Amino acid sequence: VTMQLEPGAELPALSVTPDRYLTLRYAGASGDFNPIHVDEEFARAVGLPGRILHGLYGMALVARAVTEAGGGPAALAKLGVQFRGMGLPHQEITVTGSVTEVGEKHATLHLEARQGENAIIRDGVAELRR
Amino acid sequence: MGLSAEAVGTTYPPHRYAVGREKIREYALAVGETEPLHLDLDAARAAGYTDLVAPPMFAVVYCAPAIGPAIFDPAVGIDFARMVHGAQEFVWGPLVVAGDEIETTVTVTSIEEKRDLGVFVFESVSRNQDGHAVCVGTWTNIVRGT
């Protein structure tokens, strides 16, 4: 564990800038080939600025930020998120969060992921096993 | 919007997914994992696991073939052109490692109209070969009205 699990403690921020092929690698890894994520022309044709990131990729970054700082994969008991703004390649994603509650068995963290002003993941709540 | 809640309660046939070592590695690399338990077989074994450990969010991989038929069920009535993934929750049990066989069962838990949005909620329950629940997922899809 690299962070103190006490109320108010901040999660070390995780920043990642997805490159132009990220959505293709994630599509292959996850099996989600929705064309809005992999086909630039299709994405523009349906009114998007271009291929958008998979929401669950953003959630995976939130999970990684928590497990890296909070005791590894076995520590993560629960993660819930709301997907909001569209995530785009070539823009830095930053995951931030803090501990809001510490109980006997679990610590609760509140989290979000942003690209600049655009919150792509909001209302993230994680429970870590202590 | 004319949504029908008739499909609520429908449970789809379980799907069994065999977890592969290289699939774990592929997924872990795609999401930028650096944790050796997901990437380095020796490290995973040294930590007491039989094989590479799947990142918790690997749940999307073994759940996907089970979730698909539920979301695409005409009786559920999702209009894909207007659908977005609204929210997601996972609750995890024991870690999944390469070699596990994960059986996932999906149920339609609610279909509701909120303002001009259709809100479709599905639950997935994934168990390993020993019968332990490794992941329970709540998948919320939102369909915008016309």
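The structure under discussion appears in the preceding block.
As a starting point, this report considers the structure included with it. (Residues numbered from 1 in each chain as written. Chains lettered and ligands numbered in written order. Predicted model: local features only at pLDDT ≥ 70, side-chain atom pairs only at ≥ 80, totals over all residues. Heavy atoms only, no water.)

**Some points on the overall build of chain A**
A tally of helices and strands in chain A yields 4 helices and 5 strands. Each helix (α) and strand (β) of chain A, taken in turn from the N terminus, gives the series β-α-α-α-α-β-β-β-β. In terms of its C-alpha atoms, chain A occupies a principal-axis envelope of roughly 50 × 30 × 20 Å. Expressed as a percentage of the 130 residues in chain A, the buried residues total 49%. Expressed as a percentage of contacts within chain A between residues at least 6 apart in sequence, the contacts between residues at least 24 apart total 64%. Carbon and sulfur atoms form 48% of the exposed surface of chain A, whose accessible area is close to 6100 Å². Between the averaged position of the 12 positive side-chain charges in chain A and that of its 15 negative side-chain charges there is a distance of 3 Å. (Helix = DSSP H or I, 4+ residues; strand = E, 2+ residues; numbered from the N terminus. Buried < 20%, exposed > 50% of the residue type's maximum accessible area, 1.4 Å probe, protein only. Contact = heavy atoms within 4.5 Å. Areas by Shrake-Rupley, 256 points an atom, 1.4 Å probe, with all protein chains shown as cover. Lys, Arg positive; Asp, Glu negative; His and termini not counted. Charge placed at Lys NZ, Arg CZ, Asp CG, Glu CD.)

**Focus on the interface of chain B and chain A**
In this complex, chain B contributes 29 residues to the contact, which on the side of chain A involves 27 residues. Counting each side, the surface lost to burial between chain B and chain A is near 2100 Å², with a carbon and sulfur contribution of 63%. Our count for the chain B to chain A interface comes out at 10 residue pairs in polar contact (both at pLDDT 80 or more). At 8 residues, strand β2 (residues 83–92) of chain B tops the list of elements feeding residues into the side of chain B that touches chain A. Grouping the constituent residues of the side of chain B that touches chain A by class yields 17 nonpolar, 7 polar and 5 charged. (Buried area = accessible area lost by both parts, 1.4 Å probe. Polar contact = N/O pair within 3.5 Å; in protein donor to acceptor, adjacent residues only side chain to side chain. Nonpolar A, V, L, I, M, F, W, Y, C, P; charged D, E, K, R; others polar.)

**Quick look at the packing of aromatic side chains**
Evaluated as defined, the whole model comprises 8 aromatic pairs over all chains. For the pair Phe58(B) and Tyr62(B), a centre-to-centre distance of 6.1 Å together with 55° between the ring planes defines the contact as tilted. The exposure class of Phe58(B) is buried, given its relative accessible area of 0%. Cluster of aromatic residues (ring-pair linked, three or more members): Tyr26(A), Tyr57(A), Tyr17(B), Tyr27(B), Phe58(B) and Tyr62(B). (Phe/Tyr/Trp six-rings, centres within 6.5 Å; stacked < 30°, edge-to-face > 60°.)

**Describing the environment of Tyr17(B)**
Residues and elements named next belong to chain B. When you line up the elements, Tyr 17 lands in strand β1 (residues 15–18). Looking at Tyr 17, the relative accessible area reads 15%, which means it is buried. With 26 residues separating them in the primary sequence, Tyr 17 and Ala 43 have C-alpha atoms 24 Å apart. Residues in contact with Tyr 17, not counting those within four places in the same chain, are Lys 23, Phe 58, Val 61, Tyr 62, Pro 65, Asp 100, Glu 101 and Ile 102.

Geometric descriptors of this kind do not, in isolation, establish any biological role.
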